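Chain and residue survey
Spelled out from the first residue to the last, the chains are:
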Amino acid sequence: MKEKVILAYSGGLDTSVILKWLANKGFDVIAYVADVGQKEDFKAVEEKAYATGASKVYIEDLKKPLVTDYIFPALKANTIYEGTYMLGTSLARPIIAKRHIEIAKKEGTKYVAHGATGKGNDQVRFEFGYYMNMPDVKIISPWKDEEWLNQFEGRSDMLKYAEENGIPVKATTKKPYSEDENLIHISHEAGILEDPSKRCPEDVYSLTLSPEKANDKETILTISFKDGIPLSIKNEDDGTVVTDPVEMILYLNKMGHDNAIGRVDMVENRFIGIKSRGVYETPGCEILWKAHHNLEGLTMDKEAMHLRDMLSPKYAELIYNGYWGAPEFNMLTALFDESQKFVTGTATVALYKGNVINAGIQSGCSLYNEDLGSMDKAGGYHPIDCKGFININAIRLMASSIREAKGIDC
């Protein structure tokens, strides 16, 4: 019997060639297509997989668990990589890898294959995910395989192989850059975008309008949260209410698109040490993240928030580097869950030409005391108490100043 291998398959040139290459090497190739919200004709992808030599095709709808089990936990931590990137690709990879291994177990094989390149982050994210879900997994990664690399130097070699092996190839002009899309974002990189000194052309963007073309009036949204998780979105302009997790993301994407929200152009540090330029569009999540953070300001304890904010960059780094599910990741997840116990209420935002503007926050769990914070009344506060507070906290500052004034050589 042929050894089964489960191939993460997209229907593009690379994974189609990999499918045929594995079949020609004697594997029984089962194609696995993860639907994480990308715009794709999945029926056509399925037909192409069979035509290329797959013995079976799995098309898995992962959109809802992507939102509830990956995006919402990241939201609780206000997770942003290097202060800019909202991890659109990174958040989808662990669920794709997890389901990949579940299919392998169902099919009774330890062999899995993927088409991620040897320079990028996805190879690490996928393979870490495989190992965490099946420690004895056998991974076939052609772009790190000497036999494959000797046979395929680039696109022209793959096109020739496709022609020789009857692999259908779309007769469309390839965009001069690479894209990856899912429910929450689209990334654009490589090709014409590799020179960071040049501005990203406007026609690259597909999920967001430019501010020049955006609505010339504000869009007002109110988002309700319970323990840091969004429950509903209400459009205050037309009364639309959305409550389904996937539909909330899709609706925010539409509102973000219309109001030019969610564009990022950055040079980031890949896990393997290479710097790369990425152009990202994450319209819905930018709205959600900012509304959530506004509500936290009203409901989170100061020290709890500051500690969470110190740890959020580490959490973002773990997600970016593929450590979703690692022991340290799970420890931080428990901490962030605890931090969100009182982040309940509503956050209203005004969307306008690329901006997400705070338009009001309310909560029954609020820590805000209007009388105490007022400049017009005491509200039970005794300013004289600050004399001792300042004196005590200044002791160490005065000691350091005295030492420096004496010019003591230690």
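Here's a quick rundown of the structure. Just so it is clear, the model here is predicted, and its values are computed rather than measured.

Right, let's talk about the overall build of the chain for a bit. Along its length, the chain carries 13 helices and 14 strands. Projected onto its principal axes, the C-alpha coordinates of the chain cover approximately 85 × 65 × 45 Å. A burial count over the chain gives 47% of its 410 residues as buried. Taking as baseline every contact in the chain between residues at least 6 positions apart, the subset at least 24 positions apart corresponds to 71%. Working note: accessible area of the chain is about 20900 Å², and carbon and sulfur atoms make up 53% of it. Averaging the positions of the 48 positive and the 60 negative side-chain charges in the chain gives two centres separated by 2 Å.

Before going further, it helps to examine the pattern of salt bridges. Scanning the model with the defined rule gives 26 salt bridges in all. For the salt bridge of D337 with K76, the shortest nitrogen-to-oxygen distance reads 3.0 Å. On the criterion of sequence distance, the pair formed by D337 in helix α11 (residues 327-339) and K76 in helix α3 (residues 63-76) is long-range, its members being 261 residues apart. The salt bridge involving K314 is made with E317; its shortest N-O contact spans 3.1 Å.

Moving on to the packing of α3 against helix α9 (residues 283-299). In helix packing, the relevant descriptors are the interaxial angle and the interaxial distance, both defined with respect to the helix axes. At a minimum axis separation of 10 Å, α3 and α9 run at an interaxial angle of 40°. By the angle between their directions, the pair α3 and α9 is classed as oblique. Seen along the crossing, α3 lies across α9 with a hand that is right-handed. On the side of α3, the interface is formed by I71, F72, A74, L75 and K76, while α9 contributes C285, L288, W289, H292 and E296. Each residue belonging to the contact of α3 with α9 can be placed in one class, and the counts come to seven nonpolar, one polar and two charged.

A word on the side chain of H114. Take H114: it is sitting in the loop between β4 (111-113) and α5 (122-133). One polar contact links H114 to E127, side chain to side chain, over a distance of 2.7 Å. H114 has contacts with L7, A8, I18, Q123, F126, E127, Y130, I139, I140, S141, P142 and K144, leaving out every residue within four places of it along the chain.

Strands sit in the order β3-β2-β1-β4-β5 across an open sheet of five strands; the sheet is parallel. Across the chains shown, the open sheet's two edge strands, defined by having one partner strand only, are β3 (56-61) and β5 (138-140). Between one strand axis and the next, the sheet turns by 25° as a mean value, whatever way the strands run. Two strands pair when backbone bridges link them, and strand β1 (residues 4-8) and strand β2 (residues 28-35) are joined in this way by five bridges, in the parallel orientation. By the bridge assignment for β2, V5 is matched with V29.

So, about the nonpolar core. With 74 residues, the main nonpolar core has I71, L221, I287 and L288 as its most contacted residues. Ranked by the residues each element gives to this core, the list is headed by helix α4 (residues 88-107), at eight residues. Once you skip the residues sitting within four places of it in the chain, I71 turns out to touch L66, L91, I184, C285 and W289. Judged by nonpolar contacts, the second largest core, of 27 residues, contains V17, V29, I140 and I167.

For D227, which is not glycine, the phi torsion reads 55° and is therefore positive. On the secondary structure map, D227 appears in the loop between β8 (219-226) and β9 (229-235). Taking relative accessible area as the criterion, D227 reaches 31% and is therefore assigned partly exposed. Positive phi is not limited to glycine here, since K353 has a value of about 45°. Checked against the element boundaries, K353 lands in the loop between β13 (345-352) and β14 (355-362).

Judged by pairing direction, the sheet is antiparallel, and its four strands sit side by side in the order β6-β7-β12-β11 without closing on themselves. Two strands bound the open sheet, and with one partner strand each, they are β6 (178-181) and β11 (263-269). In this sheet, neighbouring strand axes are inclined to one another by 25° on average, regardless of whether the strands run parallel or antiparallel.

Another point: the pairing of β1. Of all five residues making up β1, four are buried, and the element is well covered by its neighbours. Strand direction decides the pairing type here: β1 and β4, joined by two bridges, are parallel. Paired with L7 across the strands is A113, a residue of β4.

Moving on to the packing of aromatic side chains. Within the structure shown, the criterion is met by 16 aromatic pairs. Taking 6.4 Å as the distance between ring centres and 10° as the angle between the ring planes, the aromatic pair formed by F126 and Y130 counts as stacked. Here F126 and its partner Y130 are both found in helix α5, four residues apart, which amounts to about one turn of the helix. Linked through ring pairs, W21, W143, W148, F152 and Y161 together constitute an aromatic cluster. Between the NZ or CZ atom of K353 and the centre of the ring of Y352, over which it lies, the distance is 5.9 Å.

Rules and cut-offs
Residues numbered from 1 in each chain as written. Predicted model: local features only at pLDDT ≥ 70, side-chain atom pairs only at ≥ 80, totals over all residues. Heavy atoms only, no water. Helix = DSSP H or I, 4+ residues; strand = E, 2+ residues; numbered from the N terminus. Buried < 20%, exposed > 50% of the residue type's maximum accessible area, 1.4 Å probe, protein only. Contact = heavy atoms within 4.5 Å. Areas by Shrake-Rupley, 256 points an atom, 1.4 Å probe, with all protein chains shown as cover. Lys, Arg positive; Asp, Glu negative; His and termini not counted. Charge placed at Lys NZ, Arg CZ, Asp CG, Glu CD. Salt bridge = Lys/Arg side-chain N within 4 Å of Asp/Glu carboxyl O. Axes fitted to C-alpha atoms, helices over the stretch in contact; angles between N-to-C directions. Parallel < 35°, antiparallel > 145°, perpendicular 65-115°, else oblique. Left-handed = near helix turned anticlockwise from the far one by under 90°. Nonpolar A, V, L, I, M, F, W, Y, C, P; charged D, E, K, R; others polar. Polar contact = N/O pair within 3.5 Å; in protein donor to acceptor, adjacent residues only side chain to side chain. Pairing = 2+ DSSP bridges. Core = buried A, V, L, I, M, F, W, Y, C linked by side-chain atoms within 4.5 Å. Phe/Tyr/Trp six-rings, centres within 6.5 Å; stacked < 30°, edge-to-face > 60°. Lys NZ or Arg CZ within 6 Å of the ring centre and 35° of its normal.

By themselves, these are just geometric observations and shouldn't be taken as functional.
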